[in-house]
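Coordinate analysis (summary)
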Amino acid sequence: MAAPASPALTPERNGFRYGLLTALVLCVYTLIAVVAGFFQDITAGALDVVILIAGSVLAIRNFRQVRGGHMPYLGGYGTGIVTALVASVILGLFFVLMQAIFPNKLDLTQVQNVFGFELSTIIALLAIILMGAMTGVITSLIAMQYFKVQVSDPLAMMKES
């Protein structure tokens, strides 16, 4: 029998916690990619997406387990989106930090506006956040199709019909 639902765990709190963990993994991976010199490789960015997907799915799975196998659909959907959004915002800010520390390793085209801000860095930050948010939305929608199914006894289902 599953544990009773924890009233203290909300979709937002669960998503935030898993977003921080996912962001930690993403930042460590990005640092390794920049220092090792394979950051510009397209497959390096693809692994970021895989890490975001894994973080969102794990957050939804944890939310379901803590709630005793029963969770509201929108609660699970929301926890996946919050996870990806928190992780991508932190990754975007980490990217800005990396651009300041290793400007020649990231090799962004430097375009400055009237106020002296590097627009390429700001556009990259916004692109990372947008990519993470959209990945979270799509992943959460797909993952909730899997996690919404209640595990039950097939024989009991046959008796009810």
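Residues numbered from 1 in each chain as written. Predicted model: local features only at pLDDT ≥ 70, side-chain atom pairs only at ≥ 80, totals over all residues. Heavy atoms only, no water.

Side note on the overall build of the protein chain
Selection criterion: Helix numbering and strand numbering both begin at the N terminus, where a helix is a DSSP run of H or I of at least 4 residues and a strand a DSSP run of E of at least 2. Exposure is judged per residue with a 1.4 Å probe applied to protein chains only, and the accessible area is read against the type maximum: over 50% gives exposed, under 20% gives buried, and values in between give partly exposed. Throughout, a contact is declared for two residues whenever any of their heavy atoms are within 4.5 Å. Per-residue and other accessible areas were derived by the Shrake-Rupley procedure at a 1.4 Å probe size, with only the shown protein chains allowed to occlude residues.
Counting its regular elements, the protein chain contains six helices and zero strands. Its helices and strands in sequence order give the protein chain the pattern α-α-α-α-α-α, from N to C terminus. Looking at the protein chain residue by residue over its 161 residues, the buried ones come to 35%. Here the contacts in the protein chain between residues at least 6 apart in sequence split such that 75% fall between residues at least 24 apart. Approximately 9600 Å² of the protein chain is accessible, and the part contributed by carbon and sulfur atoms is 73%.

Concerning the packing of helix α1 (residues 11-36) against helix α3 (residues 73-101)
Where we set the bar: In this description, a line fitted to the C-alpha atoms serves as the axis of each element, helices being fitted only across the stretch in contact, and the angle between N-to-C directions of two axes falls anywhere from 0 to 180 degrees. Each crossing is labelled by how the near helix is turned from the far one, with a counterclockwise turn of less than a right angle marking it left-handed and a clockwise turn marking it right-handed. Any residue outside Ala, Val, Leu, Ile, Met, Phe, Trp, Tyr, Cys, Pro, Asp, Glu, Lys and Arg is labelled polar, Gly included; the first ten of those are nonpolar and the last four are charged.
At a minimum axis distance of 7 Å, the contact between α1 and α3 shows a crossing angle of 35 degrees. For the element pair α1 and α3, the recorded crossing hand is right-handed. Here the residues of the contact of α1 with α3 sort into 16 nonpolar, eight polar and one charged.

Observations regarding the nonpolar core
For the record, the criterion: Residues belong to one nonpolar core when they are buried, are Ala, Val, Leu, Ile, Met, Phe, Trp, Tyr or Cys, and are joined through side-chain atoms within 4.5 Å.
Counting residues in hydrophobic clusters, the biggest one holds 12 residues: A23, L26, Y29, A44, I51, L52, A84, A87, L91, F95, A124 and I128. Of all elements in the fold, only α1, α2 (42-66), α3 and α5 (119-147) reach the threshold of two or more residues within this core. By residue number, the principal contributor to this core is α3, which donates four residues. Excluding its chain neighbours within four sequence positions, the residues that come into contact with A87 are G19, T22, A23, L26 and L52. Core analysis: the next-biggest nonpolar cluster, separate from the first, contains seven residues, I60, F63, M71 and F147 among them.

Comments concerning the confidence of the model for the protein chain
Cut-off, in case you're wondering: The quantity called pLDDT is the predictor's confidence in a given residue, expressed from 0 to 100.
Across the protein chain, pLDDT averages 80, with 78% of residues at or above 70. Per-element confidence in the protein chain is highest for α1, whose mean pLDDT is 91, and lowest for helix α6 (residues 154-160), whose mean pLDDT is 50. Across residues 109-114, confidence stays below pLDDT 50; counting only partners more than four residues off in sequence or on other chains, it has 11 contacts.

Examining the side chain of N14
In this fold, N14 is placed in helix α1. Filtering out sequence-adjacent residues up to four positions away, N14 remains in contact with L9, A59, N62, F63 and T79.

Quick notes on the environment of L97
With respect to the element layout, L97 can be found in helix α3. Classification of L97 by relative accessible area gives partly exposed; the value is 45%. Put simply, L97 and T121 are 24 residues apart on the chain and 9.9 Å apart in space, counted from C-alpha to C-alpha.

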